[in-house]
Amino acid sequence: MSLIVISGAASGIGAATAKRFRDAGHQVIGVDLRNADVCADLSSPQGRADTVAAVLERSGGAIDTLVLCAGLASHFKPVSTIVAVNYFGAVELLDGLLPALQKGHSPSAVVVSSVASTQLPWSRNPLGEPLEAGDAARVEAALAAAGEHAGHVAYAGSKNAVTVAVRRRVVAWGQAGVRLNTVAPGAVETPLLQAGLADERYGKAIAEFVAPIPRRARPEEIAATIAFLAGPDAQFIHGAQFYVDGGIDALARPTQF
Ligand SMILES: NC(=O)c1ccc[n+]([C@@H]2O[C@H](COP(=O)([O-])OP(=O)(O)OC[C@H]3O[C@@H](n4cnc5c(N)ncnc54)[C@H](O)[C@@H]3O)[C@@H](O)[C@H]2O)c1
């Protein structure tokens, strides 16, 4: 039996991942705003610090797998909270829980990014360097400058930055003996997607976002990839981004990989 920590465990992809691991006989510590083993708000520095402390206490200081699913989409207001949860809610849990992962068995972490992480590549991501520097004032300025596109910049920019943050850690985590990867879903049938579809600014674009495999993913399909990346058949996979998007990335960027 392994000990798995999952953020965003109360809904959507996180809930499907928690169910999959629990059904396989593993122990899961779920983190979420509510309906979780650890209830905390990952949008605030205090909430993130409290989460790390609570997880360390509940786990006894050793974790086998960390899965970071908690996230907010473009329609959420205020847009700075999208960035806080999607970027700092992942990066600070990664860094805060690395020592516990080092004490785990075949340890690894998986961060749920998005196929949107490629829509604002690092060279054009106005949030990238400010986030890496932890410069909140520059992040706020970049969001303000984005005007009516601030929701999109917050989402795609934070997802790009979190994928880069994972890839930047590949040497340190490799030396620490902990594998670290991202999953980049396309459209997945979850409450987050439904809320986006209902949004008057983003709904039409999301509805028209049709993959070469012309349907949306089920949360269980993303959970299956997460379980594979955490499992015994993925022990040399490190620093990779796995697209589970029905072909959207290949459609949008056939020459970049
Ligand atoms: N659904 C999609 O189409 C899709 C596509 C690409 C990427 N993703 C990503 O997958 C991840 C999971 O999304 P989902 O679709 O399952 O959404 P969801 O809304 O069903 O689940 C997200 C969970 O994150 C939690 N969360 C949000 N803010 C939080 C906070 N401040 N503190 C703690 N927990 C918080 C929510 O309470 C919720 O339980 C997200 O990171 C999302 O960006 C989703």
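As the structure is a computational prediction, the values presented were derived from the model and not from experiment.

A.B. asks: If you had to explain the site of the ligand to someone new, which residues and values would you point to?
C.D. replies: Around the ligand, the surrounding shell holds 26 residues, and the nearest of these are Ser-11, Gly-12, Gly-71, Thr-190 and Leu-192. Of all elements in the fold, only helix H1 (12-23) and helix H8 (191-197) reach the threshold of two or more residues within the shell around the ligand. Of the residues in the shell around the ligand, the class split is 16 nonpolar, 8 polar and 2 charged.

A.B. asks: With reference to specific residues and values, describe helix H5 (residues 136-145).
C.D. replies: The α-helix advances 3.6 residues per turn, and as a result positions three or four apart in sequence lie on the same side. Buried residues of H5: Val-139, Ala-142 and Leu-143, and no others. Seen along its axis, H5 keeps its buried residues to an arc of 100°; they face one direction. Residues Ala-137, Ala-144 and Ala-145 are exposed on H5 and point more than 90 degrees away from its buried face. Its buried side turned inward, H5 meets helix H3 (79-102), helix H4 (128-133) and helix H6 (150-168).

A.B. asks: Lay out the packing of H1 against helix H10 (residues 219-230) with the relevant residues and their values.
C.D. replies: Running from amino to carboxyl end, H1 crosses H10 at an angle of 60°, the nearest separation of the two axes being 8 Å. When the interaxial angle is binned, H1 and H10 end up oblique. Between H1 and H10 the crossing geometry is right-handed. Across the interface between the two elements, Gly-12, Ile-13, Ala-16, Thr-17 and Arg-20 from H1 touch Pro-219, Glu-220, Ile-222, Ala-223, Ile-226 and Ala-227 from H10.

A.B. asks: Please give an account of the environment of Ala-109 that cites residues and values.
C.D. replies: Within the secondary structure, Ala-109 sits in strand E5 (residues 108-112). When the C-alpha atoms of Ala-109 and Val-67 are compared, they prove to be 5.7 Å apart, with 42 residues separating the residues in sequence.

A.B. asks: A description of H3 should follow, citing residues and the corresponding values.
C.D. replies: For H3, spanning 24 residues, the distance from its first C-alpha to its last is 34 Å, which sits close to the expected 34 Å at 1.5 Å a residue. At Gly-96, H3 shows its maximal bend, which comes to roughly 40°, and the proline Pro-99 appears one to four places after that position.

A.B. asks: Which residues make up the nonpolar core, and what values go with them?
C.D. replies: Counting 79 residues, the largest nonpolar core has Val-5, Ile-6, Leu-68, Leu-97 and Ile-222 as its most contacted members. The dominant element in this core, judged by the number of residues it contributes, is H3, at 14 residues. If we ignore the near neighbours within four places in the chain, the residues touching Leu-97 are Val-5, Val-52, Val-55, Ile-63 and Leu-66.

A.B. asks: Lay out the packing of H3 against H6 in plain terms, naming residues and giving numbers.
C.D. replies: Contact pair H3 / H6: the axes reach a minimum separation of 8 Å and the direction vectors enclose 10°. As far as their axial angle goes, H6 and H3 are roughly parallel. Of the residues in H6, those in contact with Val-79, Ile-82, Val-83, Asn-86, Tyr-87, Ala-90 and Val-91 of H3 are Ala-150, Gly-151, Ala-154, Tyr-155, Ser-158, Lys-159, Ala-161, Val-162 and Ala-165.

Criteria and cut-off values
Residues numbered from 1 in each chain as written. Predicted model: local features only at pLDDT ≥ 70, side-chain atom pairs only at ≥ 80, totals over all residues. Near = placed C-beta within 6 Å. Helix = DSSP H or I, 4+ residues; strand = E, 2+ residues; numbered from the N terminus. Nonpolar A, V, L, I, M, F, W, Y, C, P; charged D, E, K, R; others polar. Buried ≥ 20, exposed ≤ 12 C-beta atoms within 10 Å, placed from the backbone. Arc of directions from axis to C-beta. Contact = placed C-beta atoms within 7 Å. Axes fitted to C-alpha atoms, helices over the stretch in contact; angles between N-to-C directions. Parallel < 35°, antiparallel > 145°, perpendicular 65-115°, else oblique. Left-handed = near helix turned anticlockwise from the far one by under 90°. Expected span 1.5 Å × (residues − 1). Bend = angle between axes of the 7 residues up to and from the residue. Core = buried A, V, L, I, M, F, W, Y, C linked by C-beta atoms within 7 Å.

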